[in-house]
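# Structural description and commentary
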Amino acid sequence: MLPKYCFINYVFQNLTEQDPFLQFVIDMFCVNDAIKRCSDTFGNANDIRQVPQEAFARIFLKLHEIKGMTKEEKKLKRCEYKV
């Protein structure tokens, strides 16, 4: 399941910046190529406009980090998201 833009907006409004769940949501969005899968059913333009700039910054940084990685290397590991 991919996080939709409205969900990304929700977690950034309701969790602290240090909460590991924020990075998990961003990582899940990026490693599953959510940007490529965007469509009318994925989120509307208003949802995208509501996403905080910090979320987009994290998305861009993560996409840069995983560029060129294999599918296996992109797998998310639970131990990376401990509180």
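Scroll up to find the structure this text is about.
The present account deals with the structure reproduced in this document. (Residues numbered from 1 in each chain as written. Predicted model: local features only at pLDDT ≥ 70, side-chain atom pairs only at ≥ 80, totals over all residues. Heavy atoms only, no water.)

### Some words on the pattern of salt bridges
Throughout the structure, instances matching the rule amount to 4 salt bridges. One salt bridge in this structure joins arginine 58 and glutamate 54, with 3.0 Å as the shortest N-O distance. In this pair, arginine 58 and glutamate 54 both sit in helix α4 (residues 53–66), 4 residues apart, roughly one turn of the helix. By relative accessible area, arginine 58 is classed as buried at 13%. Residues glutamate 65 and lysine 62 are paired through a salt bridge, measuring 3.3 Å at the closest nitrogen-oxygen approach. Here lysine 62 and glutamate 65 lie together in helix α4, a separation of 3 residues that amounts to about one turn. You can call glutamate 65 partly exposed: its relative accessible area is 48%. Lysine 62 sits in the buried class, given a relative accessible area of 10%. Within this structure, Asp27, Lys62 and Glu65 form a network of salt bridges that share partners. (Salt bridge = Lys/Arg side-chain N within 4 Å of Asp/Glu carboxyl O. Helix = DSSP H or I, 4+ residues; strand = E, 2+ residues; numbered from the N terminus. Buried < 20%, exposed > 50% of the residue type's maximum accessible area, 1.4 Å probe, protein only.)

### Concerning unusual backbone geometry
The phi angle at aspartate 33 is positive, at roughly 55°, despite the residue not being glycine. Note on placement: aspartate 33 falls in the loop between α2 (20–31) and α3 (45–50).

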